[in-house]
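One-letter residues, chain by chain:
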Amino acid sequence: MNELVNKIVSASIDAVLPGPSVENALNNLELKGNIHIIAIGKAAWAMANVASQALKDNYVGGICITKYDHSQGEIPRIKIYEAGHPTPDKNTVLATQTAIDYARRLGENDTVLFLVSGGGSALFECPNCSLEEFIKVNDELLASGKDIKEMNSIRKQYSNVKGGKFAEICKPAKVINLILSDVLGDDLKSIASGPTISEGVESILVGNLSKLINAASEACENLGYKPIVVNNNMTGFAREEAASFAHEAIKYSESEEKVALISGGETVVKLQGSGKGGRNQEFALACAPLIEGKNITIFSVGSDGTDGPTDAAGGHVSGHSMDLFREANIDVQEYLDNNDSYHALKATNQLIITGPTGTNVNDIAVALIN
């Protein structure tokens, strides 16, 4: 079953890699004058790399700001910075200030190709308060259980670049956005807190959750499962969404038909313990006791390959998982209460590890029933 999980995860993520979509968007644009690439977010390196190859010698240079360990090498004429996520750090401010200084030198004959992906809210920031104060606010938001739109609306109040402010800094240069959406509903003002969403700025969506769900459905069907999309707007607490998803899967467990239930979105975790994990790992672990003894496998995975402050993309469990936890002397409820899903899943070899994928379009959860 692990092999099936890996096949579905790989096929789903491959379909939302930014390369082909970014290249296609650039082929349909008429870019004039001096072209500058500024890329922010977890997928910034991949997007900037593809753009640099597509534009060849038609761009002057630029800046790429991404998460630690997400850069995959040098890109000609582009300065690459790595910074903190989900919590900004001094490298965040240094990189963003460099981008601000770069943008202020541009003129009417310049065009900024602004490449945006999820994670940009933390990675692209120059606060209008002290970094310590901003980090405190950010950490409180991350622990609050608020969804991404609510968090970003508050972050904008503390920022010198969010909410269209960076577009103003770029003037009189023209700005064109290519956006990889990690926000449900694709509200452009919420993606990375919309630093260049402003009047007169053209924005092109190059990837989103719908594409990820469609790819997962196709992958499941190719493996002999009937795909059923249960929820394409999953936003609640990870444990509550997991319970709902597991109970839905149980309804199909008596059927002779092979079924794959699919949900997509971005759950939240309200921190109450001191453990290690992420929303996808907590989702998977919460499902384990509910499907015990059933012919069900459930996995939840982040398309960016990094779930919370861990090296895992998510986790998978099955009807046999509770036996594995008992053999490892793991009390599942105790680990859930401590937000320590990572160590419970790691001890039983039920983590999903992909490494950084180069994309970021929310999460998917899949239940395979046969």
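To keep things clear, this report deals only with the structure shown in the data block. In this text, all values refer to a predicted model and were calculated from it rather than measured experimentally.

Reading the values: rules and limits
- Residues numbered from 1 in each chain as written.
- Predicted model: local features only at pLDDT ≥ 70, side-chain atom pairs only at ≥ 80, totals over all residues.
- Heavy atoms only, no water.
- Pairing = 2+ DSSP bridges.
- Helix = DSSP H or I, 4+ residues; strand = E, 2+ residues; numbered from the N terminus.
- Contact = heavy atoms within 4.5 Å.
- Axes fitted to C-alpha atoms, helices over the stretch in contact; angles between N-to-C directions.
- Salt bridge = Lys/Arg side-chain N within 4 Å of Asp/Glu carboxyl O.
- Buried < 20%, exposed > 50% of the residue type's maximum accessible area, 1.4 Å probe, protein only.
- Core = buried A, V, L, I, M, F, W, Y, C linked by side-chain atoms within 4.5 Å.
- Phe/Tyr/Trp six-rings, centres within 6.5 Å; stacked < 30°, edge-to-face > 60°.
- 1 Å grid on protein atoms, 1.4 Å probe; cavity = no way out; pocket = protein on both sides within 12 Å on 5 of 7 lines; lining within 4 Å.
- Points joined across faces, edges and corners; volume = space filled by probe spheres on them.
- Nonpolar A, V, L, I, M, F, W, Y, C, P; charged D, E, K, R; others polar.
- Parallel < 35°, antiparallel > 145°, perpendicular 65-115°, else oblique.
- Left-handed = near helix turned anticlockwise from the far one by under 90°.
- Polar contact = N/O pair within 3.5 Å; in protein donor to acceptor, adjacent residues only side chain to side chain.

## Details of the sheet that holds strand β7 (residues 226-234)
Logical step 1: One open sheet holds the six strands; their spatial order is β7-β8-β12-β9-β10-β11, and the pairing between them is mixed. With one partner strand each, in any of the chains shown, β7 and β11 (351-352) form the two edges of the open sheet.
Logical step 2: For strand β9 (residues 296-302) and strand β12 (residues 363-369), the ladder comprises seven bridges, and the chain directions are antiparallel. Counted as the bridge partner of G302 is D363 from β12.
Logical step 3: Helix α11 (residues 279-287) rests against β7, β9, β10 (314-318), β11 and β12 of the sheet, and its axis sits at about 10 degrees to β10.

## Things to note about the pattern of salt bridges
For side chains bearing opposite charge, pairing can occur when the charged atoms are close.
Logical step 1: Summed over the entire model, instances satisfying the criterion amount to 11 salt bridges.
Logical step 2: Close ionic contact of R279 with E266 constitutes a salt bridge, the shortest N to O distance being 3.3 Å. Of this pair, R279 sits in helix α11 while E266 sits in the loop between β8 (259-265) and α11, placing them 13 residues apart in sequence.
Logical step 3: The buried category is assigned to E266, whose relative accessible area is 17%.
Logical step 4: As a salt-bridge pair, R326 and E292 come within 2.5 Å of each other at their nearest N and O atoms. Separated by 34 residues along the polypeptide, R326 in helix α12 (residues 321-327) and E292 in the loop between α11 and β9 bring together distant segments of the chain.
Logical step 5: Here E292 falls in the partly exposed class, since its relative accessible area comes to 37%.
Logical step 6: Here the residues in one salt-bridge network are R239, E282 and D337, joined through shared partners.

## What to know about the nonpolar core
Logical step 1: I37, L113, L115 and L178 are the most contacted members of the largest nonpolar core, which has 49 residues in total.
Logical step 2: Contacts of L115, omitting those with residues within four sequence positions, involve I37, I38, A39, I40, M47, A48, A51 and L178.
Logical step 3: Among the nonpolar cores identified, the runner-up in size contains 35 residues, and Y102, A103, I169 and V201 belong to it.

## Looking at the environment of L55
Logical step 1: For L55, the location among the structural elements is in helix α3 (residues 44-55).
Logical step 2: Measuring from C-alpha to C-alpha, the distance between L55 and A238 comes to 41 Å, with 183 residues separating the pair along the chain.
Logical step 3: Excluding anything up to four places from it in sequence, L55 contacts L26, L31, I35, I37 and L113.

## Some words on the packing of aromatic side chains
Logical step 1: Enumeration according to the criterion identifies four aromatic pairs in this entry.
Logical step 2: Taking the centre distance of 5.7 Å and the plane angle of 55 degrees together, the rings of F245 and F283 count as tilted. Here F245, found in helix α10 (residues 238-252), pairs with F283, found in helix α11; they are 38 residues apart in sequence, far enough to count as distant.
Logical step 3: By relative accessible area, F245 is classed as buried at 3%.

## Structural notes on the layout of surface pockets
Logical step 1: The volume enclosed by the largest pocket comes to roughly 840 Å³.
Logical step 2: As for the largest pocket, its lining consists of 41 residues, of which P86, L142, R279, G308 and P309 are closest to the centre.
Logical step 3: Elements with a contribution of two residues or more to the lining of the largest pocket: α5 (120-123), α6 (131-144), α7 (148-155) and α11.
Logical step 4: For the lining of the largest pocket, a count of residues per class yields 12 nonpolar, 17 polar and 12 charged.
Logical step 5: Approximately 150 Å³ is the volume found for the second largest pocket.
Logical step 6: In this structure, the second largest pocket is lined by S181, V183, L184, G185, D186, N208, L209, S210, I213, N214, N232 and N362.
Logical step 7: Considering only residue class, the lining of the second largest pocket consists of four nonpolar, seven polar and one charged.

## Thoughts on the packing of α10 against α11
Logical step 1: As a packed pair, α10 and α11 sit with axes 8 Å apart at the nearest point and diverge in direction by 45 degrees. On the basis of their axis angle, the class for α10 and α11 is oblique. For α10 against α11, the interelement crossing comes out right-handed. Side by side, α10 and α11 meet where A238, R239, E241, A242, F245 and A246 of the first sit next to R279, E282, F283, A286 and C287 of the second.
Logical step 2: For the contact of α10 with α11, the residue count by class is seven nonpolar, no polar and four charged.

## Focus: the packing of helix α2 (residues 18-27) against α3
Logical step 1: In the contact formed by α2 and α3, the axes pass within 9 Å of each other and the chain directions differ by 40 degrees. One element, α2, and the other, α3, form an angle in the oblique class. In the crossing of α2 with α3, the sense of the turn from one axis to the other is right-handed. Residues P18, G19, V22, E23 and L26 of α2 pack against A46, M47, V50, A51, A54 and L55 of α3.
Logical step 2: For the contact of α2 with α3, the residue count by class is nine nonpolar, one polar and one charged.

## What about the side chain of S300?
Logical step 1: In this structure, S300 sits in strand β9.
Logical step 2: Of note is the side chain of S300, whose polar atom sits 2.7 Å from the side chain of N280.
Logical step 3: Beyond its immediate sequence surroundings of up to four residues, S300 is in contact with N280, F283, A313, G314, G315, I352, I364 and A365.

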